[in-house]
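# Structure at a glance
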Amino acid sequence: MYEAVVDTPLGIARIRGSENGITEIRVSDDPSLKRTIPDELRTVCTQLQEYFEGSRKIFEVPLQPGGTPFQKKVWEALLEIPYGKRISYMDLAKKLGDPKAIRAVAGANAKNPVWILIPCHRVVGTDGSLTGYAGGLHRKKWLLNHESPSGQTILFS
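So, how was this worked out
- Residues numbered from 1 in each chain as written.
- Predicted model: local features only at pLDDT ≥ 70, side-chain atom pairs only at ≥ 80, totals over all residues.
- Heavy atoms only, no water.
- Phe/Tyr/Trp six-rings, centres within 6.5 Å; stacked < 30°, edge-to-face > 60°.
- Buried < 20%, exposed > 50% of the residue type's maximum accessible area, 1.4 Å probe, protein only.
- Helix = DSSP H or I, 4+ residues; strand = E, 2+ residues; numbered from the N terminus.
- Pairing = 2+ DSSP bridges.
- Axes fitted to C-alpha atoms, helices over the stretch in contact; angles between N-to-C directions.

Glancing now at the packing of aromatic side chains. Considering all chains together, one arrives at five aromatic pairs under this definition. Taken together, a centroid distance of 5.3 Å and an interplanar angle of 75 degrees make the contact between tyrosine 51 and phenylalanine 52 edge-to-face. The buried category is assigned to phenylalanine 52, whose relative accessible area is 12%. Relative to tyrosine 83, the ring of tyrosine 51 lies with its centre 6.2 Å away and its plane at 80 degrees, an arrangement referred to as edge-to-face. Taken as a pair, tyrosine 51 in helix H1 (residues 42-53) and tyrosine 83 in the loop between helix H2 (69-78) and strand S4 (87-88) lie far apart in primary sequence, 32 residues in all. Among the residues examined, tyrosine 51 registers a relative accessible area of 0% and is labelled buried. Each residue in the set Tyr51, Phe52, Phe59, Tyr83, Trp115 and Trp142 is aromatic and connected to the rest through ring pairs, giving one cluster.

Glancing now at the sheet that holds strand S2 (residues 11-18). The strand order S1-S2-S3 describes an open sheet built from three strands, whose pairing is antiparallel. Single-partner strands in this sheet number two, and they are strand S1 (2-8) and strand S3 (21-28). If you compare each strand with its neighbour and ignore which way they point, the axes differ by 20 degrees on average. Relative to S3, S2 is paired through seven bridges, and the arrangement is antiparallel. Residue pairing across strands places glycine 17 opposite isoleucine 22, the latter belonging to S3.

Structure follows, in structure tokens:
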């Protein structure tokens, strides 16, 4: 298992993975983390940089997040939400076949171990409001505004 630590506009990203895929990306505000990029994680680091620069909308790295079968099902559904689009927790639960599972879907969304690559930030409240984000609502707001179509005004202030 390898670990990269890189700066992003939203904090310091800690990226873990192997040749088989990325297992975890977390964001931190800990300035003491030593910045490092092992060769095995260089591609994902480059793609994250391109995302933040605005030149990448789709990630092309293998993912291997650990979780329950239900969590993995939710995370697979998150991968289908296109860049710049949003979906509500209710719509996501319906898409997965059980609108009554909205809390379970929200719980799985919150446990997403792969920040940005599995775009849990694209899930909002039924009324379009920002709700819950493990990385902090200020980061969720930034990501949604970053992905908003060019020329559009800020979605969340």
